[in-house]
Each structure stands twice: as C-alpha cells, then as structure tokens.
Amino acid sequence: MRTFKSLLPHIFVMFFFALGLSLCHTNVDAASSSVKIRYNGKTYRNKSKKMTVKYNNKTVSKKSYKAILIKKKYMVPYDDIFKKGVKAKCKYSKKQKKITITTNGVTLKMTVGKKTAYCNGRKVKLPVAPLSVRYIAKKKTRILVPLNYVAKALNLSYKKSGSSIYLGAPLSLFYDGKTTYYTGVQGKVYYNHKLYTLHSLPVIKLSGKMYLPAEEVLKTIMGLDYTYQPAKGELQIINEDLGYSFLAFTQTVNAKLNGKDVTLSAPVKIIRNNKTKKDVVCIPASTVLSQLNYTRSWNKANSYYQIQSKEFFNWEKSLNASQSTSNNYLHHFRSYYQEQGGTGSISFQLTGSNADILKTATVNRSNNIITVNIPKSQYNLDKNLFQNFGEIIQKMEVIEKDSTVTISFTCENVADYSYIIQNKMFEINILYTYGSSDGSVTGYSLSIPKPEGITIANVTNQDLYQSKKFQIIISGNHVAFYQNNPIVINNSSVKNITTTKSGNNTVITVTTSSLMGYKIYENGKNLEVKIATPRKIYKNIVVLDAGHGGYDPGAQNKGTNEKDLNHKILYTLMKNYFSGNAPDIKVYWTRTNDSYITLANRAAFAKTVGADAFISLHMNSATKSSANGTEVYYSVSNNGSGFGGISSQKMANLFRTQLLKDLHTANRGTKTAAYYVLKHNTVPAILIELGFISGSTDYAKLTDPSFQKTAAQSIYTSIVSMFQTYKTGR
C-alpha cells in the first residue's frame, strides 16, 4: 500500500498541470476578446467592440474581419462589405494604393493613408484615411475604409444597433424633375391594429412630411372608394359609410372636402419607383388623413405609420309618420373607436323607437362570436354589413327574422364586451380578452369600474342562486357613473346585467345561464369578478338545510313551530358568517325563506351545487317533556370516504362534540337513521337534532335568542373545523 507521503510528488505534478491548463485557457479567452493588427509600421492590440455588418438584413462581414474601431471610427474591409456584400463596382490599384467604389450614381475614389478623397469628382475629406492592415494571427493584409462615411457617400442607409451595423440599399426615385437616391426612413402601415407591408412604395419622408402611396393605402388597405384620373391629375376618395367626399390634385396643396375648399400642408406628389418603373400617387399622410377624420402618427421605434379610424360607420334613416311607436324601429346605427388601455375597443350605438322593447335586448358570446338579439323589432336601415374594422372584429352583420333583429360580431379572437341601455339607445363595446375565455377562474369574468372613493370595503353581495342571479351592492348612487363606465363582460355564462338604485345603494344584478359561483376582488381602479361553476371557484362548499318549511311546520309546542327555529338559526343568524366577497367556505341553503322543499330536492341539491358536505338542522319532539338533549344522525348507507378521508360518521361526531361543548345540552350521542336526506345524498351528510321542542328544559333554551345565537356560532365553528381537519384538495 502506497503512503500519502509517497504520493505527494504526483499530487503536486497534477496540481500544477491543471493550473497550467487553467492559465492557458484564461490567456486564450483574453486573446479572443481582442485582435492583433499592424498598420503604419506599428503593431496594436485592438480591444474595441467587434460589430457585425449587415446589408439589407443579411450578414456581409466575415467572422474574422468584423468592423473594428480605429481612431474612433468603425473600419471594414472594402471588398467584403462593398464589393461582395453591396455588389458595388470596386477596383483597387495595388501600385497606386487607390480604391474606387461605384454604385447608386456615385463614384468614390480614395487612397490608402490619405484623408483626401473624391466623390463624383468633387474633393472631400475623410474622417479617417483608408488603411492597409495586417491581421497577425490570420497572416493576411486587408484594405480597411471608414464604414459610416463610405456607406452614406454611396447613398446607403446606416444604422447601428446592439452588436450590428445595418446598411440598406437606397430607393431610386424620380420626382420633382430629378432622380433621388432616397436613404431616409422606410416604413410600413399599421391600420386599425393590423400591420401591412407596402409593395408599391414604403412610407417615406420628404421635406419633413411623411408620404404614403395613395391607392395601396386608401383603397387596398383602408377599403375606401378611390379613383385617380391621370389626365386631370385628380384623385377622389369617397366614404359612403361616413358620408364624405374628398378631392385632391397632384402637385398642389388645393383640395375639396364635401365641396368646400381646404388647404393641405404639402402637395400630393407623383413619385416614380425606378425599380418597378411605375409612377405612384403619394399623399402627405398627416394632412390628408386628418381631413378624412383618422387618428395618425409615426411610430419611430417600429418604423410604421399608424392609422386608426375614429368612426367606422354612421347609418341613419328617418322614421315616417306611418311607423307606429308601439313597435320598435331601429333607425340609427353608429360605430366608432375608443382608446382603452392602449388596445382600444370598438363601440356600437343602435337607436330604436321603443325604449321598453329595447330594454329586452340580450347579449350572448359563443367562442369568437358575440350576438345581440332584439325582439319585436324591425331594422329600418339599408346597410347591414361592415367588415373593415381591423384586428378586433372581422365583420358585423345584421339579420332580421321573425320580428327579431340579430346583430352578430365575428371577432378575430375571443373578445370581451360591455353594454348599456339608455332610453332608446343600445350601446355595446367590444374589446380584447385579457382573462379566460372559458369561464374558468383564470383572469376576470367581469371588470367593474370603481366610482371615486369606493373600495372593496364599500361592497357587499347577495347570491340569488335559486334564480341564477347574484347581486353586487355598492354603497351610494352610482347609476349615472355606470352609464358612462360600463361593466366589461368576459364570460359566456353571463346573460344580462342591470344597474339600479336601491335605497342608498347601487345594485348590480348579474344573470347567468346556470347556477354559478363567483368571487369579488379589488384590483386597482376596478372590481374584478371571477365566475365559474362552484367547484372551480370555491375551496369548500357546504349545503345547509333548515328542516321543514311552508305548509309543513314540523314539531310544535306553545305556538312555536320547528320550521321557524330551524330557519332562524341556520339561515338568519348564520348567513353573515359566509357573506364575504371572496369566501373560502361557500354555503348554499336549500331554503332561504318559509317555503316547502321536498326531501328529494333537498338531497339532490348537494349534487347540483357541487357541495362537499350536507347539514340538516331539526328540533326533536317526544310525548314526554322529560326528553331533552342533542343528538346527531348519519346514514350507514351513506358513510363512505369523502373529501380528505371524512365520512358521515366522523362528521357527525365532530359536530356533536362541538355543540355539546358550546351549548351544554344533554348528550344523546351519535346515531344512525335512514332519513331520506341522509340516505339519498351524494356527499357526507348529517342531521342535527339540536334539542327537544317538547323538552322541559330544552324548550326555554331553543326559544332563547342568546342560545340561538350560540347555536349558530357553534355550527359555524364546526364547519370551519371540519374543512381545516379534512382538506378538499381544491
């Protein structure tokens, strides 16, 4: 066996070998960040940032010969960039050390080592003289020229971004009697949130004004009625949907809008694209589009000219005297754009003749189609289709059938919407979806603007699940506020929303297509509501069943009905425990008033709402007043394992223990019985016999308000304890 001491020499050898490799690797890395070059008789270690050169977005610089800084100017091999990349005509005289580059109507002559050069015969001064540079590692000599100066002298565009320098070919244009090699901005068009590449000519800037190719933009992209008469130099633009006619003339600032004289800020130009050999009528964008009522701007960062419709259409037809006001005649339809959060919405206003009928309009969303149905109505307009909205909406169509007017909006994607009905006008706003499209709890289902001074503390709610509704109650009168700030809907289960004043509160009533769960949150300037099936919304769900009701009084004693005690304790005194805007435990009551519910409906209700547990409250009765105390029942037929491993028996024991602790009633134990609501339930279920209404001691307790309040508190505590001990896993 070799000793550690005998191994020391080998260890030291291995250590220093590894150290040597490490140092060697470090030197290689250091060298890779610089390049060793020689020029003018001296050797330099150039450590400047190396730049990749691209021409028309294609890399033209070689990996070993990227642009490097020499005397604070980026220098490049002329043959890599201009001869091979740009395809310019290049010549180099080794004897005279002269470089000649010709392209785009320019001949540039330079001499190695001299700043004096000649551009189309005119003497110019270079910022840095061309250099003959020896790349030591590559053992090659290259002729380098100042990139920025040479590119611009040859009418190429030049832009530095990140680790690249971009060169671009110029546009060869003929206008105002001469050929121009244009190297200024070249842009696309962004119309109504859609980006378009132009083919006749890009957006260009002439004399400080942005110019657009008229026919391609106005007719092909924007869908306007466009005609041009070359003989007269006259172009006409008509928009029947908005009722305007615009007339302009080439090479002049004179124009007419609906027959009235207007003056443009720059003339319309005829520009010949020498590449395509075609003449293009170009308009000064801002001044013409402002006359046509569009929002417009140049996006410098993304190189596009943004055009947005302020108004899409405005159709109107007067009603005649024979059209009865008892029917609803739709006679004015208008659509316009509203900016909202940088994305925007498209709004539609439809005016009818009968306010009461208009209020019965319903809105539905199925996938990417939003539909408005207005019954007992007649569409009184000639136009019923519009398709030039842009990316939010693909088309709007009106169909009249069986005295119902249906307006469908086919959207590019699933879209949010909001709507309001004021007097004789129905307005719907369609915008982008930011939350879920399927009604799940990802994202919001309703976005409710908050009036000034309102927080979540001023908001309560009431679940009217039996009628498939719920109410959001906001303190104060904000009805007028919501007429101007409508609620955004992003859930197909929402069928209707109304906003009304009730006392000192504003009540927002939401009607859904089926029983739905909901939670209300505060998010910045809005209240956001999530809506989905109860099990997708709530972590824990329990059904509370107040026994008897309606014509079934239950047990009676001294004028006291069991049904009333059950209802008061289980609903009246307990409802506030579960009234939060976003509760962890959701309670559904089989009855919230003095109504009769069949046993079958009570048991089935747990499945309807997706409950985790079922609790029924009763008061016992016996022929002898000596019978007193609390007992809790479960069914052996419904005692399987439920959420978190709970069973009906475990649940009964948990509640009995807590009730006895809080109420100090006699312990009559946990018992089994085949009660219908227990045996035929789909979830762990118990029936509490709180006390004997006939009992000598229990009657006084059961009718005592303080005892009733304690009983409600104890049942609540038991529910909380149950869900803390046994987790639903949601």
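Since the structure is predicted, the reported quantities are computational estimates derived from the model, not experimental observations. (Residues numbered from 1 in each chain as written. Predicted model: local features only at pLDDT ≥ 70, side-chain atom pairs only at ≥ 80, totals over all residues. Heavy atoms only, no water.)

Enquirer: Requested: an account of the overall build of the protein chain, with residues and values cited.
Expert: Each helix and strand counted, the protein chain has 14 helices and 58 strands in total. Whereas a compact globule of 730 residues would reach a radius of gyration of roughly 27 Å, the protein chain reaches 41 Å, over 25% beyond that. Taken along its principal axes, the extent of the C-alpha atoms in the protein chain is 130 × 115 × 40 Å. Buried residues in the protein chain amount to 49% of all 730 residues. Once local pairs closer than 6 in sequence are excluded, the contacts in the protein chain between residues at least 24 apart make up 60%. Carbon and sulfur atoms make up 49% of the accessible area of the protein chain, which amounts to about 35400 Å² in all. (Helix = DSSP H or I, 4+ residues; strand = E, 2+ residues; numbered from the N terminus. Rg over C-alpha atoms; globule rule 2.2 N^0.38 Å. Buried < 20%, exposed > 50% of the residue type's maximum accessible area, 1.4 Å probe, protein only. Contact = heavy atoms within 4.5 Å. Areas by Shrake-Rupley, 256 points an atom, 1.4 Å probe, with all protein chains shown as cover.)

Enquirer: Can you break down the pairing of strand S7 (residues 89-93) residue by residue, with the values?
Expert: Judged from the five bridges that link them, S7 and strand S8 (residues 98-103) form a sheet pairing that is antiparallel. Within the sheet, the bridge partner assigned to tyrosine 92 lies in S8 and is isoleucine 99. The turn linking S7 back onto S8 is made up of four residues, and lysine 97 within it adopts a positive phi angle of 60 degrees. (Pairing = 2+ DSSP bridges.)

Enquirer: A description of the packing of aromatic side chains should follow, citing residues and the corresponding values.
Expert: In total, this model carries 27 aromatic pairs according to the counting rule given. Aromatic pair phenylalanine 348 and phenylalanine 409: ring centres 4.6 Å apart, planes at 50 degrees, arrangement tilted. Here the residue phenylalanine 348 occupies a position in strand S34 (residues 345-351), and phenylalanine 409 occupies one in strand S40 (residues 404-411), the gap between them amounting to 61 residues. The same class applies to phenylalanine 348 as to phenylalanine 409, namely buried. Among the aromatic side chains, those forming a connected cluster through ring pairs are Phe312, Phe313, Trp315, Phe333, Phe348, Phe386, Phe389 and Phe409. Geometry around tyrosine 65 places arginine 142 over its ring, the cationic atom sitting 4.6 Å from the centre. Sitting over the face of the ring of tyrosine 588, lysine 586 holds its NZ or CZ atom 5.1 Å from the ring centroid. (Phe/Tyr/Trp six-rings, centres within 6.5 Å; stacked < 30°, edge-to-face > 60°. Lys NZ or Arg CZ within 6 Å of the ring centre and 35° of its normal.)

Enquirer: Residues and numbers for the sheet that holds strand S21 (residues 209-213), please.
Expert: Strand order in the open sheet formed by six strands is S17-S16-S27-S28-S21-S20, and the pairing between neighbours is antiparallel. In this open sheet, the two strands that pair with only one neighbour each are strand S17 (178-182) and strand S20 (204-206). When the angles between neighbouring strand axes are averaged without regard to direction, this sheet yields 40 degrees. Pairing analysis gives three bridges linking S21 to strand S28 (residues 278-284), with the strands arranged antiparallel. Note on S28: the bridge partner recorded for proline 213 is cysteine 282. Docked against the sheet, helix H4 (residues 214-221) engages S21 and S28, running at close to 60 degrees with respect to S21. (Axes fitted to C-alpha atoms, helices over the stretch in contact; angles between N-to-C directions.)

Enquirer: Break down the packing of helix H9 (residues 562-572) against helix H14 (residues 705-725) for me, citing the residues and quoting the values.
Expert: For the pair H9 and H14, interaxial distance at closest approach is 8 Å and the crossing angle is 55 degrees. One element, H9, and the other, H14, form an angle in the oblique class. H9 and H14 meet at a crossing whose hand is right-handed. Taken together, the residues of H14 that come into contact with H9 (itself represented by Leu565, Lys568, Ile569 and Leu570) are Gln708, Ala711, Ala712 and Ile715. (Parallel < 35°, antiparallel > 145°, perpendicular 65-115°, else oblique. Left-handed = near helix turned anticlockwise from the far one by under 90°.)

All we've got here are geometric facts, nothing functional implied.
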